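Secondary and tertiary structure notes
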Protein chains: 2
Amino acid sequence: MYTQAEENYLKALFSITLEVGNEEGVGTNELADYLKLTPPTVNNMLKKLKTKELVNYEKYGKITLSDSGRAHAVYVIRKHRLWETFLCKKLDFNWNAVHEIAEQLEHIDSPELIDRLDKFLDYPSFDPHGDPIPDAKGKIKTGSRKLLSELKPGAQCRLVAVKDDSTAFLDYVNRLGLKINSLIEVVDTVDYDHSMHIVVDGGSHTVSKKFTDSIQVLAV
Amino acid sequence: MYTQAEENYLKALFSITLEVGNEEGVGTNELADYLKLTPPTVNNMLKKLKTKELVNYEKYGKITLSDSGRAHAVYVIRKHRLWETFLCKKLDFNWNAVHEIAEQLEHIDSPELIDRLDKFLDYPSFDPHGDPIPDAKGKIKTGSRKLLSELKPGAQCRLVAVKDDSTAFLDYVNRLGLKINSLIEVVDTVDYDHSMHIVVDGGSHTVSKKFTDSIQVLAV
DNA sequence: TATAAAAGTTAGATATATCTAACAATTTTA
DNA sequence: TAAAATTGTTAGATATATCTAACTTTTATA
């Protein structure tokens, strides 16, 4: 099986590729930066991951995940997001307090445990942050995720994730009554500064472009 | 905090002391045997645990837990047993299938997680094997645990644990309809071979001394 | 295109937790 | 009580995952 360190590298490679849309691969320094490790450490581990055929990598070249590497990365993400969902839905943790615990839980090695947890949570498709949870076959529901700022007047959507972790931002989100899965209606936009009129839970608000850029939604 | 290895040593020391009733302390080889490690490995770790003041230990002497060592050992046992309870009660695992997974989960480091899990499970006092779960203050419900074979006719008790892991035995236990917390009534005993007449769930059975020696109960 | 900057690698050290082989102390027993 | 058996320790090796310092290759730029 895979060590915790190995799983962290696989997950990091998968995430960087997604976030940066980095098709051609990831660099050693970039990965080191992301994992908060030094480049030689990463270089070292890369050799190991290569002999295990989890990554494609040549000296001085870019790093990509192999098929088996990607499959396991997706499984680690599945574990992480299922545990986050458990922590929030069942243990009443606040959704912004679960990440660190899930970082530990995601390395527990028991496929049966994960399948049963999935069932116990009623096969959720999204975690408390609105990120999709890969299913048992590794399939990830993509949907048409957009930023709230991209929507036109008249559009309806549901909040699936936020892209800002600051307390100020999260407090504001809460104050507006926004939660995961909240229905948001775009009433109007202001051309001048791209601020937006939205309706949430019957309440009407005007929010800035800065704000709508940090809200990820799924069109209804 | 404590590493997984350290937690395993602490737990082992606590368990050996309990099981063997070993008041004066544990030997290096004994501990090595229990943990399935070599004596030098244990010797090495002991030095480390001593500098951390988790054990009392002098060269060639017996090993005992310090107060802080014992406190943490109890906490690890609390974590382990709460997770086992979760796996059985919530995820429908069979009670003899949860140990290995709990061995992993017990090392997750988050006191808040454990407190919330405890609450979620409604503050259980016993795990699925009938072993007591230390409470948040480290207090362990002792009760008057006995073997079923020690009881006299007329006595009533509840099953808290079994001392045999064989399939044959467990199948028999199931066939009798015995579960954790089952009420058992001792009707009669046969002097000749110490077999016992018991009533479980309205059903009457005659069981051998060999059997009643493997059933731990708590008097009602 | 030559040089400077950035990115990547190698070599060697450290910490943890384990091992085997050899040796030392303690305990048992003949 | 001396020899044998058991128990415990030391020394040195291995594997994993990390680091720093020094060096090399690639890329950017003047």
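What comes next concerns the included structure.

Definitions and limits used
Residues numbered from 1 in each chain as written. Chains lettered and ligands numbered in written order. Predicted model: local features only at pLDDT ≥ 70, side-chain atom pairs only at ≥ 80, totals over all residues. Heavy atoms only, no water. Helix = DSSP H or I, 4+ residues; strand = E, 2+ residues; numbered from the N terminus. Buried < 20%, exposed > 50% of the residue type's maximum accessible area, 1.4 Å probe, protein only. Axes fitted to C-alpha atoms, helices over the stretch in contact; angles between N-to-C directions. Parallel < 35°, antiparallel > 145°, perpendicular 65-115°, else oblique. Left-handed = near helix turned anticlockwise from the far one by under 90°. Contact = heavy atoms within 4.5 Å. Nonpolar A, V, L, I, M, F, W, Y, C, P; charged D, E, K, R; others polar. Least-squares fit on C-alpha atoms with pLDDT ≥ 70 in both. Near = heavy atom within 4 Å. Polar contact = N/O pair within 3.5 Å; in protein donor to acceptor, adjacent residues only side chain to side chain.

1. Some details on the environment of A71(A)
All names here are of chain A. For A71, the location among the structural elements is in helix α4 (residues 67-89). Overall, A71 belongs to the partly exposed group, its relative accessible area being 48%. C-alpha of A71 to C-alpha of G154: the two residues are 83 residues apart in sequence and 39 Å apart in space.

2. Some thoughts on the packing of helix α4 (residues 67-89) of chain B against helix α6 (residues 111-120) of chain B
All names here are of chain B. As a packed pair, α4 and α6 sit with axes 10 Å apart at the nearest point and diverge in direction by 45°. In terms of axis orientation, α4 runs oblique to α6. The crossing of α4 and α6 is left-handed. Here Y75, R78, K79, L82, W83 and F86 of α4 lie close against α6, whose contacting residues are P111, L113, I114, D115, L117, D118 and F120. In terms of residue class, the contact of α4 with α6 is made up of nine nonpolar, no polar and four charged.

3. As for the relation of the copies chain A and chain B
For the pair chain A and chain B, the best superposition has an RMSD of 0.3 Å and corresponds to a rotation of 180° with a translation of 0.0 Å parallel to the axis. As the rotation angle and translation indicate, the two copies are arranged about a two-fold axis. Within chain A, the C-alpha atom positioned nearest to the axis of rotation is that of L105(A), 3.8 Å from it. Taken as a fraction of all interface residues of chain A, those also at the interface in chain B reach 100%, which identifies the copy contact as same-surface.

4. Side note on the protein's contact with DNA strand C
Taken together, 21 residues sit near DNA strand C, with N43(A), Y57(A), T3(B), T41(B) and K48(B) positioned nearest. In the interface set of DNA strand C, defined as its atoms within 4 Å of the protein, sugar plus phosphate atoms amount to 78%. At 3.0 Å from a phosphate oxygen of DNA strand C is found a side-chain nitrogen or oxygen belonging to T28(A). One of the backbone nitrogen or oxygen atoms of Y60(A) is found 2.9 Å away from a phosphate oxygen of DNA strand C. Element by element, the count of residues in the surface near DNA strand C is highest for helix α3 (residues 39-51) of chain B, at five residues. Partitioning the surface near DNA strand C into residue classes produces ten nonpolar, eight polar and three charged.

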